[in-house]
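Residue-level structural notes
Listed here are the chains, written in short residue letters.
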Amino acid sequence: MSDLILFWHRRDLRISDNMGLAAARQQSQKVVGVFCLDPNLLEGDDIAPARVTYMIGSLDALQQRYAAAGSQLLILHDRPSQAIPALASALNAQAVFWNWDVEPYAKERDEQVKLTLEAKGIAVQNSWDQLLHAPGEILTKSADEPYTVFTPFWKRWKDLPKAEPVETLKDAEGLTRLEKQTAQEAGAIDLPSAKDLGYAWDNELLILPGEKAAEEVLEEFCDRAINDYQEQRNFPGVDGTSKLSAANKFGTIGIRTVWEASVRAYNLSRSDETCKNIQVWQQELAWREFYQQAMYFFPDLANGPYREPFQDFPWENDQELFLAWCEGRTGYPIVDAAMRQLNTIGWMHNRCRMIVASFLTKDLLINWQQGEKYFMQKLYDGDLSANNGGWQWSASSGMDPKPLRIFNPASQAQKFDPEGEYIRQWLPELSSVETEYLVTGKIPEDERDYCGYPAPIVDHKQQQREFKRRYQQVRGG
Ligand code: FAD
Ligand code: FO1
């Protein structure tokens, strides 16, 4: 057996600050990367063209990084349980390394691959990489159980020491580079485009793919907006958030690097006010970890509501209303602007994700799982744990202790888009309508007709009452 180690990338599409890759590199000079285009994932019905485009662009960048480091990233296209062991055998590798993931599918896939490799006498080594604190590291003091409420989790999470970024292939000269023929014989293919995989996306992506671009976005955010984050993050018309979500999802940046940048900004800040702003951003990173540890310990979250009574909620599920929501034709300007943003750029501001999710569930009485799926079909940062967590929070079906939260679209717009800037940006047909009408949603009928904009498809007050009635019913109260 050779001293070659294969490193299998999945949602860690970078070389820097990669725990598993660093471990592989420590053990051998000969490290070759591999990514497996997985039909189980790519042929699912919850995939967004924008997300696959970001992923493929990041793989292209990663191949270049490997080449510059004197090694290479091989691409396979088959079921991992078959393709990874076959490649490891063909290359006579001594071991395959990868980073663990929290998702139910990942756990099952990885177990199969591990068993097949070990049956062939090929070693497996795994690391936690995508989280600052791995699942199980933070458990309740009283019962040693996973946290199901965010605030106490955050209190523990923020005070625990965090690992520094790890060095990986900085000194990579002299790594193995396989002959093209050897790689091909072992099953490697050229990287296809997202279009070749059936996911055409012609619009720009919110941020450029790849490791270098993610590092630049982080740096730019720390210079530009982190100091005002708390004040700015709620206004969808303001560029006040990091836009790092797809980079965090696909690991084009290491989470330790992200954390380190926020600590650097904190140490440079000159007022308590700025420190508070930065800590609010760090809290969002903790939400990401909270939802991931929840998915790890409660995989059933992926299949339905956390709160049992919600399994029998009498949803209306009117598909015409659902279609109007998807296409941004509800007659509620803030909701429609947000859905058009999602459909156009594959990203939606967090405030608006909460508004449209509340609207779908509490105004249209549609099962949140339909919204969850639609988001996954559109979001370039779509991530099972964060998306499911956000939807269960909005639908009041999740772990959140303050369950019944109903957003009034008009008050939300008045508060967070007071000049109607965001609404006008995404609903240009309403650009000449007075701000007052835009934010309250009460556009006079003749103006609506003139602009070709629909009347509200439901009455918020009435639907709110109806939702509450049904909610009491399932809770038996
Ligand atoms: P920033 O405000 O700069 O936050 C920094 C990072 O923290 C983000 O990049 C992200 O990785 C993480 N983060 C921020 N807020 C949350 C949160 N509430 N939960 C978990 N992680 C968070 N986020 C996703 O990454 N993927 C999703 O599929 C997703 N779906 C959502 C669905 C709903 C219904 C809701 C309410 C929220 C969802 N979020 C999701 C969370 C949040 O909206 C996005 O992470 C955020 O808008 C991304 O923009 P940003 O990178 O500029 O965030
Ligand atoms: N990971 C892979 O290893 N291969 C893929 O083909 C792949 C496609 C993909 C598409 C959309 C998406 O959101 C993620 C994708 N990922 C892919 C990453 C995926 O999140 C991880 O593999 C998880 O571990 C799966 O549970």
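Starting afresh in each chain, residues are numbered from 1 along the sequence in its written order. Chains carry letters and ligands carry numbers; both start at the beginning, A for chains and 1 for ligands, and go up in the order they are written. Owing to the predicted nature of the model, reporting of local features is limited to residues with pLDDT of at least 70; listing and counting of side-chain atom pairs is limited to 80 or more, with chain, interface and lining totals taken over all residues. As a rule here, side-chain values cover all heavy atoms of the structure and leave hydrogens and water aside.

Notes on the site of ligand 1
Any residue with a heavy atom lying within 4 Å of a molecule or strand is counted as near it. Close contacts around ligand 1 come from 27 residues, with Y229, T241, S242, K243 and N350 the closest. Taking W347, its side chain carries an N or O atom lying 3.4 Å from an oxygen atom of ligand 1. Whenever a nitrogen or oxygen atom comes within 3.5 Å of another N or O atom, the pair is scored as a polar contact, on the condition that within protein one atom can donate a hydrogen and the other can accept it, and that pairs from neighbouring residues in sequence are kept only if both atoms are in side chains. With respect to ligand 1, the side chain of R353 contributes an N or O atom lying 3.4 Å from an oxygen atom. To be clear on the numbers: accessible area is Shrake-Rupley with a 1.4 Å probe, and residue cover counts the displayed protein chains and nothing else. Summarising the interface, the protein chains cover 95% of the accessible area of ligand 1, which totals 830 Å² for the free molecule. Comparing atom positions with the cavity grids shows ligand 1 to sit within the largest pocket. Under the DSSP-based scheme used, a helix requires at least four consecutive residues in state H or I and a strand at least two consecutive residues in state E, with every element numbered from the N terminus. Those elements giving two or more residues to the shell around ligand 1 turn out to be α10 (245-250), α12 (272-297), α15 (350-363) and α17 (384-395). Ranked by the residues each element gives to the shell around ligand 1, the list is headed by α12, at 6 residues. Each residue receives one of three labels: charged for Asp, Glu, Lys and Arg, nonpolar for Ala, Val, Leu, Ile, Met, Phe, Trp, Tyr, Cys and Pro, and polar for the others, Gly being one of them. Among the residues forming the shell around ligand 1, the class breakdown is 13 nonpolar, 8 polar and 6 charged. As annotated, the domain borders come from an automatic or database domain assignment. Formed jointly, the shell around ligand 1 draws a minimum of three residues from each of two domains, domain 2 (130-164 + 211-297) and domain 3 (308-472). In the cavity and pocket records, a cavity denotes points on a 1 Å grid over the protein atoms alone where a 1.4 Å probe fits but cannot get out, a pocket denotes an open set with protein on both sides within 12 Å along at least 5 of 7 lines, and lining residues are residues with an atom within 4 Å of a point. By definition, a pocket or cavity contains a molecule when more than half of the molecule's atoms lie within 2 Å of the pocket's grid points.

Some details on the layout of surface pockets
Grid points are joined across faces, edges and corners, and a volume is the space filled by probe spheres set on the points. A volume near 1,200 Å³ is recorded for the largest pocket. In terms of lining residues, the largest pocket is bounded by 42 residues, among which Y229, E284, W287, N350 and A386 are the most central. Of all elements in the fold, only α6 (150-159), α10, α12, α15 and α17 reach the threshold of two or more residues within the lining of the largest pocket. Counting residues per element, the lining of the largest pocket draws most heavily on α12, at 9 residues. Within the lining of the largest pocket, the residues separate by chemical class into 18 nonpolar, 14 polar and 10 charged. Counting contributing residues, the lining of the largest pocket receives three or more from each of domain 2 (130-164 + 211-297) and domain 3 (308-472). If you add up the space inside the second largest pocket, you get close to 840 Å³. Around the second largest pocket sit 38 residues that line it, and L41, I47, E103, K249 and M376 are the ones nearest its centre. Where the lining of the second largest pocket is concerned, the elements lending two or more residues are β1 (5-9), β2 (31-37), α2 (39-42), α3 (49-68), α5 (104-119), α10, α16 (368-378) and α17. In terms of residue class, the lining of the second largest pocket is made up of 18 nonpolar, 7 polar and 13 charged.

Some details on the domain arrangement of the protein chain
Domain boundaries in the protein chain define domain 1 (1-129), domain 2 (130-164 + 211-297) and domain 3 (308-472). The straight-line distance from the C-alpha centre of domain 1 to that of domain 2 is 26 Å. Residues are treated as being in contact if the distance between any of their heavy atoms lies within 4.5 Å. With 21 residues of domain 1 in contact, the opposing surface of domain 2 contributes 21 residues. Of the roughly 2,000 Å² buried between domain 1 and domain 2, counting both surfaces, carbon and sulfur atoms make up 52%. The term salt bridge refers to a pairing of a side-chain nitrogen on Lys or Arg with a carboxyl oxygen on Asp or Glu at a separation within 4 Å. Where domain 1 meets domain 2, there are 3 salt bridges. We note a salt bridge from R256 to D129, for which the minimum N-O separation is 2.7 Å. Looking at the side of domain 1 that touches domain 2, the elements that each hand over two or more residues are α3 and α5. By residue number, the principal contributor to the side of domain 1 that touches domain 2 is α3, which donates 6 residues. Taken together, the residues that form the side of domain 1 that touches domain 2 break down as 10 nonpolar, 2 polar and 9 charged. Joining two parts hides part of their accessible area as seen by a 1.4 Å probe, and the buried area is that hidden amount summed over both.

Looking at the packing of aromatic side chains
Two aromatic rings, drawn from Phe, Tyr or Trp (for Trp, its six-membered ring), form a pair once their centres lie within 6.5 Å of each other, and the interplanar angle then sorts them: stacked below 30 degrees, edge-to-face above 60, tilted otherwise. A full pass over the atoms with the stated rule returns 35 aromatic pairs. The interplanar angle of 5 degrees and the centroid separation of 3.9 Å between the aromatic rings of F150 and W287 together place this pair among those described as stacked. With F150 in helix α6 and W287 in helix α12, the pair connects residues that are 137 residues apart, well separated along the chain. Since its relative accessible area comes to 7%, F150 is described here as buried. Centre to centre, the rings of W325 and F375 are 6.3 Å apart; their planes meet at 15 degrees, and the pair counts as stacked. Here W325, found in helix α13 (residues 319-327), pairs with F375, found in helix α16; they are 50 residues apart in sequence, far enough to count as distant. With a 1.4 Å probe rolled over the protein chains alone, any residue whose accessible area is under 20% of its type maximum counts as buried; one over 50% counts as exposed, and the rest are partly exposed. A relative accessible area of 2% places F375 in the buried class. Every member of this aromatic cluster is reached through a ring pair, and the members are Y147, F150, F153, W287, F290 and Y291.

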